[in-house]
Every structure is written in C-alpha cells, then in structure tokens.
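Residue-level structural notes
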Amino acid sequence: MLVRLDFSTTLSLLLLLLLVGSSRAQVGVNWGTQVSHPLHAPSVVKMLQKNSFTRVKMFDTDASVLHALAGSNIEVMVGIPNTMLETLSSSMHAARNWVESNVTWYLKYVAVGEEPLHDVRLDAVIGAVKNIRAALDKQTRTRDIKTTIPFSAGIVTSNSFTPSTGNFIRPDEMKTILELLSDSKSPFTVNIHPFISSVNDPSFPLDFAFFDGDFPFQQDQGNNYTNAFDAIFDTVVSALKQAGFPDMPIIVGGTGWPTDCNLQANPQNAKRFNQGLVKRIESSRGTPLRPGKLHAYIFSLVDEDRKKPGYERHWGIFQYDGTRKYDLTLLGARELENVPDVEYMPARWCVSNDATDGLEQRINATCQQVDCSPLLEGGSCNFLTVSERASYAFNSNYQLNDQATSSCDPEFGRVVRDDPSHGNCRFMRQIVVNSAERERLCRNVLAFVWLTLSMLFI
C-alpha cells in the first residue's frame, strides 16, 4: 500500500529525525600536542570522524590542528597555557590580541588555563578570565563562545568521602570564580582521574576505579556508589550546590587511564576504564546526583613524548604513530580505527653490539637524554636483560633523532633491520613528519615568540 505524506507530516518527521540525531551521546577526547614527531593533523581529524568522536579539547591553539578541525562538525575547546595567564590578566590589549589571533567561528569553549591554581595566583586567573571574556564579547562572531577553567578534582573535599557533603577546599575564593562563570552562563570543568587516586592511596580499592563493578563501596543518603568517578563527580555537584550554584553545568575535562610505567598502568586496565566510560556516556544515565547526559573528554588521544617522563607520556588510547593500543568499542558498536596515511622511517633500529665493559654507565648516560621509564618497575620493558635494556635506550635516542647514523651509539651500538621488540615491550620505529607539520612546528614557535614579545612591550 502506497502511503502519501503531506508537507506538515514530512516536516514533522524531519524534525523528529533532527531531534533524535541531536540527542545522540557525544564522546570527547583530549588532543595534546607535546610530541616530537606530530601526526598529520588532517589524518587525525579523519580518524576522529571515523571513530565518532564529536568533541575535542586542546591545551593550546595549534594553528594547523584548528585548521584541520574547521568544517569537521567536531565541537572544539581550546586552551590557554597557564604561563600566559599573568600577562592576559594584566593587559586587556594582550587578551584582545590572543582572541584575534587564535579564536575562530567554530569554537565552542575557551579553557583559561589547565588546573591553574596549582601554579598561578587566584587574582591572575580571575583577571585572565575577565579579560578574555571581554575580548570575546567585543566581537559578534565570538561572543557565544563559553569560557571555563579546568580544575583538578582536588579542589573539592567531603566528610568521610561521602559525596553529599562535598564542599570546595577554598570556598570563598571559588565563589568568586563561580560567580564569574555563572554571569557568562559558562560551565564548571573538572578533571577526574581515579587512576591517580589508586596510585596516591595504597588503601584505595582498585576495582572502585572502574565502571563495571556492582558492589557498593560507598553508600550515601540512599545512593550506592560502585565507582570512584560517580563519587567524585557527585562531590563536585554537592560543592556547587553548597556554594549556591546547584544547576551549573559540569564538564569532565579529562578522565582516562595510562598504559605504561606504573604497576596499575597497562592496556588491560586502560581498556577496562575507557570502555566503561564510553558505555556510561552512551547510556545518558549520568550520576546519582546529576542524572542525564554526561559531557566528558577521554584523556587522551595520542601518547606525548615531550611530557614529564613516566606514565604521563602514556595516557593515549593511540600510540605515538596513531595505532590503537587496544580494542575499544565506540558508539554504534564500532571498533577503534587507526590514524590513516602514516608514513614510517626505514625499518632500522639501533641495538647493543653486546660489548659489556662500561655498558651500564652508557645506559645511564643515554637515559639522561631520552625517556627510559618503560625499563623501570611497572614498565612494559622492565623484564629486559642488560644488553636488551641498552638496546632500548640506544634505539630511543636513534629514533628521536630521525635515525641519524651518529645517534646510534658509536661504541656500543649497531644498526639492524629486524625489529627487536619483545612482546608488549615495543621498540619504536619513528614516523616521518609531514612537511606541513614541520612548517606548523616552525610557525608555532615563531607565533609564540611573537605573541610573547608583543605582550612584553605593551
């Protein structure tokens, strides 16, 4: 039977489809750029789209990354480094320069600092937010962009770890910040890392860090808490209520799990946590005190070799080369896809030539120049022999220096063409940096110098 639809019925169906599409859960991810050999930004954006990531949070304003995100329909939050907040606070001219140089029409949020109260004065944070907000409001194309400040979960506390008693550690200071956010209808952003809790507190029950448990580790006013994420999030909810802002939107700016350089950091635990997070976002169930959609960003996208050595370099759900570390089922039951079109340097590695006299000293010297933390306890390469440890260190230096012959230790090293990796202990083979990415690195350095100098002489 042929059914004819009149115009009003067709319009109603289209609107219904739009509403269904707009209600779809959205998975966000942090895209850090502290890497020596960056992936080609357009290729990363292709991967984000294929994997249904709809939100990206950046810690800076990398021009080529922002250009690649333009027109992608990915919601973007850019960050202002903490080192710039003092200047932006003291100079409205500097704030206008920053906005004019870095903010484009498709941005949704500007994050002023990253957990700035750890190393920036409160008045400087407030001043920077005010000036950036004023600079955004001055232009029609940017006035709808929201400003926020990502805080660590350590900004809140509670009595006997009960979420309903949550309060801010510095309530008077935080109220000033919350009033500022509320005036511009901006969200409160907090980073939640159960992994850090498990590392810092030996008594922390590890299963409480994950989403898949059903045992209530905490009971509070009729609510059963089976995971730390919910408990920390609801502690923030209670703190906002206590401060007089019960309905302020909350964004989880970063939450995830590293895969190396700690006894708890491995691909199995990372998959367990991040898969649980994705399912939680997809369910739109929220938490006991804030049911509904969850706005959260996985931390992080790709490993960053220029961060502090140790597990800080291994939070990525992708390796440095854009290959996935583990299976992760995303929205719509899709498996994680790798970054496409990655070009590698020749299949060459630098390894130990089996000389022994002075080898330990040479390993130590090399590890002063490159990250050898996977060789330490809890690392994926901790089981290697002395000769293999030397190979790992020598190869890390060789690949970091683009396989330059002189960077393979002339006394203790030799170049081979067979991959010396051992199981989960992966010996790097460096990627070729796209010419556009090399230009980007140069432009970023020049832009940073220019902006810094312009701020110094205003």
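Not measured: the values here are computed from a predicted model. (Residues numbered from 1 in each chain as written. Predicted model: local features only at pLDDT ≥ 70, side-chain atom pairs only at ≥ 80, totals over all residues. Heavy atoms only, no water.)

As for the state of the cysteines
Stated precisely, the cut-off is as follows: Disulfides are defined as pairs of cysteine sulfur atoms found within 2.5 Å of each other. A run of H or I in DSSP becomes a helix once it reaches four residues, and a run of E becomes a strand once it reaches two; helices and strands are each numbered from the N terminus. Only protein chains enter the accessibility calculation, which uses a 1.4 Å probe. A residue is then buried if its area is under 20% of the maximum for its type, exposed if over 50%, and partly exposed in between.
What the rule picks out here adds up to three disulfides. A sulfur-sulfur distance of 2.1 Å marks the disulfide that ties Cys350 to Cys408. On the sign convention where negative is left-handed, the bridge of Cys350 and Cys408, at about 80° about the S-S bond, is right-handed. Here Cys350 is found in strand E16 (residues 349-352), whereas its partner Cys408 is found in the loop between helix H12 (386-400) and strand E17 (413-416), with 58 residues between them in sequence. Take Cys350: its relative accessible area is 0%, and that puts it in the buried class. Among the residues examined, Cys408 registers a relative accessible area of 6% and is labelled buried. Between the sulfur of Cys367 and that of Cys372 lies a disulfide, 2.0 Å long from S to S. Across the S-S bond of Cys367 and Cys372 the torsion is about -90°, and the bridge reads as left-handed. On the basis of relative accessibility, which here comes to 10%, the residue Cys372 falls in the buried class. For the protein, numbering the cysteines in disulfides from first to last along the sequence yields the connectivity 1-5, 2-3, 4-6. Counting only cysteine sulfurs, Cys381 is the nearest neighbor of Cys261, a cysteine outside any disulfide, at a range of 8.5 Å.

Overview of the pattern of salt bridges
Rules: Here a salt bridge means any side-chain nitrogen of Lys or Arg lying within 4 Å of a carboxyl oxygen belonging to Asp or Glu.
According to the stated counting rule, one finds 17 salt bridges in the structure shown. The closest approach of N and O atoms between Arg426 and Asp321, which form a salt bridge, is 2.7 Å. Highlighted residues: Arg426 in the loop between E17 and helix H13 (435-456) and Asp321 in the loop between strand E13 (296-298) and strand E14 (329-330), separated in sequence by 105 residues. Under the relative-accessibility criterion, Arg426 is labelled partly exposed at 35%. Classification of Asp321 as buried rests on a relative accessible area of 1%. Residue Asp327 pairs with Arg324 through a salt bridge whose shortest N-O separation is 3.0 Å. Overall, Asp327 belongs to the partly exposed group, its relative accessible area being 35%.

With respect to the packing of aromatic side chains
Any two aromatic rings considered together are summarised by their centre-to-centre distance and by the angle between their planes. Using the following cut-off: For Phe, Tyr and Trp, rings pair up if their centres lie within 6.5 Å, where Trp contributes its six-membered ring, and each pair is then called stacked (planes under 30 degrees apart), edge-to-face (over 60) or tilted (otherwise).
Considering all chains together, one arrives at 18 aromatic pairs under this definition. Here the aromatic rings of Phe195 and Tyr311 are separated by 5.0 Å at their centres, their planes lie at 80°, and the arrangement is edge-to-face. Here Phe195, found in helix H8 (residues 194-200), pairs with Tyr311, found in the loop between E13 and E14; they are 116 residues apart in sequence, far enough to count as distant. We classify Phe195 as buried; its relative accessible area is 0%. Ring geometry for Tyr311 and Trp315: centres 6.3 Å apart, planes at 70°, overall edge-to-face. Across the pair, Trp315 and Tyr311 agree in class, each one buried.

Looking at the pairing of strand E12 (residues 250-255)
Our working rule: DSSP bridges decide pairing: two strands pair if at least two such bridges lie between them. Whether a crossover is right-handed depends on one test, that the path from the first strand over the helix to the second runs clockwise when the strands point away from the viewer.
A large share of E12 lies buried, amounting to six of its six residues. Alignment of E12 against E13, held across two bridges, turns out to be parallel. Residue pairing in the sheet places Val252 in a bridge with Ala296 of E13. Taken together, E12, helix H10 (residues 267-283) and E13 form a β-α-β motif whose crossover is right-handed.

Observations concerning the side chain of Ser152
Rules: In what follows, a contact means two residues having at least one pair of non-hydrogen atoms within 4.5 Å.
By the element assignment, Ser152 lies in strand E6 (residues 150-152). The class for Ser152 is buried, based on a relative accessible area of 15%. Leave out the neighbours within four places in its chain, and Ser152 touches Glu115, His118, Val190 and Asn191.

What to know about the nonpolar core
How we decide: The definition of a nonpolar core used throughout is a set of buried Ala, Val, Leu, Ile, Met, Phe, Trp, Tyr and Cys residues joined through side-chain atoms within 4.5 Å.
Counting 105 residues, the largest nonpolar core has Trp31, Leu48, Leu69, Trp98, Val110, Phe168 and Phe188 as the members making the most contacts within it. Here this core takes ten residues from helix H9 (residues 228-243), the largest share from any one element.

Structural notes on the environment of Gln319
As for its placement among the helices and strands, Gln319 is situated in the loop between E13 and E14. Separated by 16 residues in the primary sequence, Gln319 and Asp303 place their C-alpha atoms 5.6 Å from one another. Setting aside residues up to four positions removed in sequence, Gln319 forms contacts with Val302, Asp303, Lys325 and Arg426.

Quick look at unusual backbone geometry
That bond from Phe299 to Ser300 is cis: its omega, 5°, falls within 30 degrees of zero. Mapped onto the fold, Ser300 is located in the loop between E13 and E14. Although it is not a glycine, Glu115 sits at a positive phi angle of roughly 50°. With respect to the helices and strands, the residue Glu115 is situated in the loop between strand E4 (107-112) and helix H6 (122-138).

Some remarks on the environment of Ala209
Note on placement: Ala209 falls in the loop between H8 and strand E10 (218-220). For the pair Ala209 and Thr226, spaced 17 residues apart in sequence, the C-alpha to C-alpha distance is 8.8 Å. If near-sequence neighbours (up to four positions away) are discounted, Ala209 is found in contact with Pro194, Phe204, Ala228, Trp257 and Phe273.

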